[in-house]
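# Structure at a glance
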Amino acid sequence: MEIEKTNRINALFEFYEPLLTHKQMDYLAQYYRDDYSLGEIAENYGVSRQAVYDNIKRTEKILEEYESKLHLYANFQHNAQNIDNLLAYIAQNYPEDQKLNELAHKLESIEE
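Below you will find a few notes about this structure. This is a predicted model, so every value here is computed, not measured. What you see as residue numbers is a count from 1 along each chain, following the sequence as written. Local features in this predicted model are restricted to residues whose pLDDT is 70 or higher, and side-chain atom pairs enter the listing and the counts only when it is 80 or higher, whereas totals over whole chains, interfaces and linings include all residues. With hydrogens and water set aside, each side-chain value is computed from the structure's full complement of heavy atoms.

## Quick look at the overall build of the protein chain
The condition that has to hold: Counting from the N terminus, the helices are the DSSP runs of H or I reaching at least four residues and the strands are the DSSP runs of E reaching at least two. The globule rule is 2.2 Å times the number of residues to the power 0.38, and the radius of gyration it is compared with is taken over C-alpha atoms. With a 1.4 Å probe rolled over the protein chains alone, any residue whose accessible area is under 20% of its type maximum counts as buried; one over 50% counts as exposed, and the rest are partly exposed. Contact criterion: two residues are considered in contact whenever any of their non-hydrogen atoms come within 4.5 Å of each other. Surface accessibility follows the Shrake-Rupley procedure with a 1.4 Å probe radius. Residue values consider only the protein chains on display as shielding.
Regarding its fold elements, the protein chain presents six helices and zero strands. Listing every helix and strand of the protein chain by position from the N terminus yields α-α-α-α-α-α. The C-alpha radius of gyration of the protein chain comes to 20 Å, more than 25% above the 13 Å expected for a compact globule of 112 residues. Per-residue burial over the protein chain gives 27% buried out of 112 residues. When contacts within the protein chain are restricted to residue pairs at least 6 apart in sequence, those whose partners lie at least 24 apart make up 52%. Here the protein chain displays about 7,900 Å² of accessible surface, and carbon together with sulfur accounts for 52% of that area.

## Concerning the nonpolar core
Soluble globular proteins tend to bury their nonpolar side chains together. Filter applied, for reference: In these notes, a set of buried Ala, Val, Leu, Ile, Met, Phe, Trp, Tyr and Cys residues joined through side-chain atoms within 4.5 Å is what counts as a nonpolar core.
With 18 residues, the main nonpolar core has F13, L20, L28, V52, I56 and L63 as its most contacted residues. Of all the secondary structure elements, the ones that give two or more residues to this core are α1 (2–16), α2 (22–33), α3 (38–45) and α4 (49–70). Not counting residues within four places of it along the chain, the set of residues in contact with V52 comprises Y27, L38, I41, A42 and V47.

## As for α2
The condition that has to hold: The length a helix should cover is 1.5 Å for every residue beyond the first.
With twelve residues, α2 extends 15 Å from end C-alpha to end C-alpha; this agrees with the ideal 16 Å at 1.5 Å per step. Among the residues of α2, Q24, M25, Y27, L28, A29, Q30 and Y32 are the ones counted as buried. Looking at the buried positions of α2, the neighbouring elements they touch are α1, α3 and α4. One or two positions beyond α2, positive phi appears at D35, with a value near 60°.

## Remarks on the environment of N101
Applicable threshold: Here a polar contact is taken to be a pair of N or O atoms separated by no more than 3.5 Å, where protein atoms must pair a possible hydrogen donor with a possible acceptor and residues adjacent in sequence count only if both atoms sit in side chains.
Turning to its location among the elements, N101 is positioned in helix α6 (residues 98–111). Once the C-alpha coordinates of N101 and N7 are considered, the two residues, 94 residues apart in sequence, prove to be 32 Å apart. Beyond its immediate sequence surroundings of up to four residues, N101 is in contact with I90, Y94, P95 and E96. Engagement of the side chain of N101 in a polar contact is seen with the backbone oxygen of D97, the distance being 2.8 Å.

Here is the structure:
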């Protein structure tokens, strides 16, 4: 569960980072990307661990609110799944179609 939450927050952070304040970005980046402890972040900024914790929790909530309104991450996941399904369908049903497979490889490279 903790890894799933970390992955989700990191993904939401990727999409909505520009909408956060510098302090929110710094705290979240250090906590989730750099794996700093609350104590380490608090020491870096000269604040209490509780202040860091509260800021991170508020920022997580903000990210979830952005996602509930904008759906950027959900749409990205949906589109990625559709592309994967399309590529699998092409590979299975049209393995000899050189042009179609070339286009599929281009689409696959865009996805990455």
